[in-house]
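Okay, here's what each chain looks like letter by letter:
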Amino acid sequence: MRKAAWLLGLASLVAGCPPPPRPQPLQALPLDQAIELVNENAARLSTGLKATGPVRGQVVVADGHRHRFDLSGKLLLIPPRHLRFDVQNAIGRTEFLLGSNADYFWLHVERDDDTFRFGRYATPEGERTIELPIRPDWLIEALGLNALPSDTTGVTGPVQLIERARQKLLFISYDARGQGMIRKEYWLSRYAPRLVECVVFRDEIGVELMHSHLSDYRRTGETGPLLPRRIRVDWPTQDSWIEFQVRRWQERDDLTIDLPAFELPAPGSLRERHRRVIDIDSGNVLGPTPPEAGEGSP
């Protein structure tokens, strides 16, 4: 059967049958209309989201070793800031955890000497004592589900760059000297469904710190948003990456921002559970909880 199909294909080529035409990109849109398309899709989300599926990737930890993993992931998400991405092994032990709520974000890597790191959104960029190697707060944006600013006026952008297959939205910021820099990029596809296919974060001199690739968009339910089923996030300066193949997206009314899954545990609890706990804003490294110490708020 395979041989017959191969011969049939060869005969078609000999007969001069042309290959199927490549799809042509859609007409580029004005900036405000492109943003409106993205925001219309985000506005269809009225509940929390849960996604499950296999996760593979590589994380480089403090000792410089590259740790590869092929595990199972569960993502809980309520844009714009509530997220929990729990990557577990076959016996249900968490090996990689990213979390965020309205005030805090945190990262736990089991193979990095069981280190738990956390920081605060209120701390200005550039004023933290330690920077996270992988930013949970950026991962939310990397999924392309946050609404974009509808006001496109002013010096901070975004400005638009049209390419053959995509239109890029470039977000600009300025340092104390007034020097402009591109700190964030949203790449919108010019093919249906014309949604976010890549999000890029850069540092003050333009080095790429993180980028995501989103594809295989499918609608949840009859009226829900289009959501990506294939998600890859790279941290080039950390030589780290993850690939999440979503088997199922669910809209869940029971997912609310007051769930314990979105809470940062108190310092005493963190010290009891993990070998190292680091407050990245102050640089403090918290050791094991002394027997007489109590719980407190971060």
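For the structure, see preceding data.
As a convention, each chain's residues are numbered from 1 in the sequence order in which they are written. With pLDDT at 70 or above as the cut-off, local features in this predicted model cover only qualifying residues; side-chain atom pairs require 80 or more to be listed or tallied, and sums for whole chains, interfaces and linings still use all residues. Only hydrogens and water are set aside; all other atoms, that is, all heavy atoms of the structure, feed into the side-chain values.

**As for the packing of aromatic side chains**
Using the following cut-off: Here is the rule: rings of Phe, Tyr and Trp (six-membered ring for Trp) pair when centre to centre is within 6.5 Å. Planes less than 30 degrees apart are stacked, more than 60 are edge-to-face, and the remainder are tilted. Secondary structure elements are taken from DSSP: a helix is a run of H or I of four residues or more, a strand is a run of E of two residues or more, and numbering for both begins at the N terminus. Throughout this description, buried means an accessible area under 20% of the type-specific maximum (1.4 Å probe, protein chains only), exposed means over 50%, and partly exposed covers the range between. Criterion for a charge above a ring: Arg CZ or Lys NZ at most 6 Å from the ring centre, at most 35 degrees from the ring normal.
Applying the stated criterion to the full structure yields five aromatic pairs. Measuring from ring centre to ring centre gives 4.4 Å for Trp138 and Phe201, while their planes differ by 5°; the resulting arrangement is stacked. Taken as a pair, Trp138 in helix α3 (residues 136-142) and Phe201 in strand β10 (residues 196-202) lie far apart in primary sequence, 63 residues in all. For Phe201, a relative accessible area of 6% corresponds to the buried category. Here Lys184 stacks its cationic end above the ring of Phe171, 5.0 Å away from the centre of that ring. It is Arg232 that lies over the ring of Trp241; its NZ or CZ is 4.4 Å from the centre.

**Some words on helix α2 (residues 31-43)**
To keep it simple, the criterion reads: Here a helix's expected span is defined as the number of its residues, less one, multiplied by 1.5 Å. The arc in question is traced by the directions running from the helix axis to the C-beta atoms. The contact rule is simple, with two residues in contact once any of their heavy atoms fall within 4.5 Å.
Here α2 is 13 residues long and its end C-alpha atoms lie 18 Å apart, about the 18 Å a rise of 1.5 Å per residue gives. By the burial criterion, the buried members of α2 are Leu31, Ala34, Ile35, Val38, Asn39, Asn41 and Ala42. For α2, the angular spread of buried residues about the axis comes to 155°, placing them on one side. The outward face of α2, more than 90 degrees from its buried face, is lined by the exposed residues Glu36 and Ala43. Along its buried surface, α2 packs onto β7 (159-162), β8 (166-174), β9 (180-189), β10 and β12 (226-235).

**Digging into the layout of surface pockets**
Keep this limit in mind: Every definition here rests on a 1 Å grid over the protein atoms only: cavities are sets of points where a 1.4 Å probe fits but cannot get out, pockets are open sets enclosed by protein on both sides within 12 Å along at least five of seven lines, and lining residues have some atom within 4 Å of a point. Grid points are joined across faces, edges and corners, and a volume is the space filled by probe spheres set on the points. The residue classification treats Ala, Val, Leu, Ile, Met, Phe, Trp, Tyr, Cys and Pro as nonpolar and Asp, Glu, Lys and Arg as charged. All others, Gly included, are polar.
Approximately 440 Å³ is the volume found for the largest pocket. Lining of the largest pocket is provided by 19 residues; of these, Glu125, Trp138, Glu141, Lys184 and Phe201 occupy positions nearest its centre. Those elements giving two or more residues to the lining of the largest pocket turn out to be α3, β8, β9 and β10. Counting residues per element, the lining of the largest pocket draws most heavily on α3, at four residues. As a volume, the second largest pocket reaches approximately 330 Å³. Taken together, 14 residues form the lining of the second largest pocket, with Glu125, Glu131, Arg135, Trp138 and Leu209 sitting closest to its centre. Residue composition of the lining of the second largest pocket, grouped by class: five nonpolar, three polar and six charged.

**A few points about the pairing of β9**
Rule in force here: Note on pairing: DSSP must find at least two bridges between two strands before they are called paired.
Along β9, seven of the ten residues are buried, which leaves the element largely enclosed by surrounding structure. In this structure, the hairpin formed by β8 and β9 is closed by a connection of five residues, where Gly178 is found at a positive phi of approximately 85°. Two strands pair when backbone bridges link them, and β9 and β10 are joined in this way by five bridges, in the antiparallel orientation. Bridge pairing in β10 links Leu188 to Val196.

**So, the environment of Cys198**
Locating Cys198 in the fold gives a position in strand β10. Once the C-alpha coordinates of Cys198 and Leu214 are considered, the two residues, 16 residues apart in sequence, prove to be 6.1 Å apart. For Cys198, the contacting residues outside a window of four places in its chain are Glu185, Tyr186, Trp187, His211, Ser212 and His213.

**Side note on the nonpolar core**
Keep this limit in mind: For our purposes a nonpolar core is just a set of buried Ala, Val, Leu, Ile, Met, Phe, Trp, Tyr and Cys residues, chained together by side-chain atoms within 4.5 Å.
In terms of nonpolar packing, the biggest core is built from 55 residues, with Phe85 and Phe96 touching the most fellow members. Here this core gets five residues from one element, more than from any other, and that element is β12. When residues no more than four places from it in sequence are discounted, the contact partners of Phe96 are Val59, Phe85, Asp86, Val87, Leu107, His108, Val109, Ile134 and Ile242.

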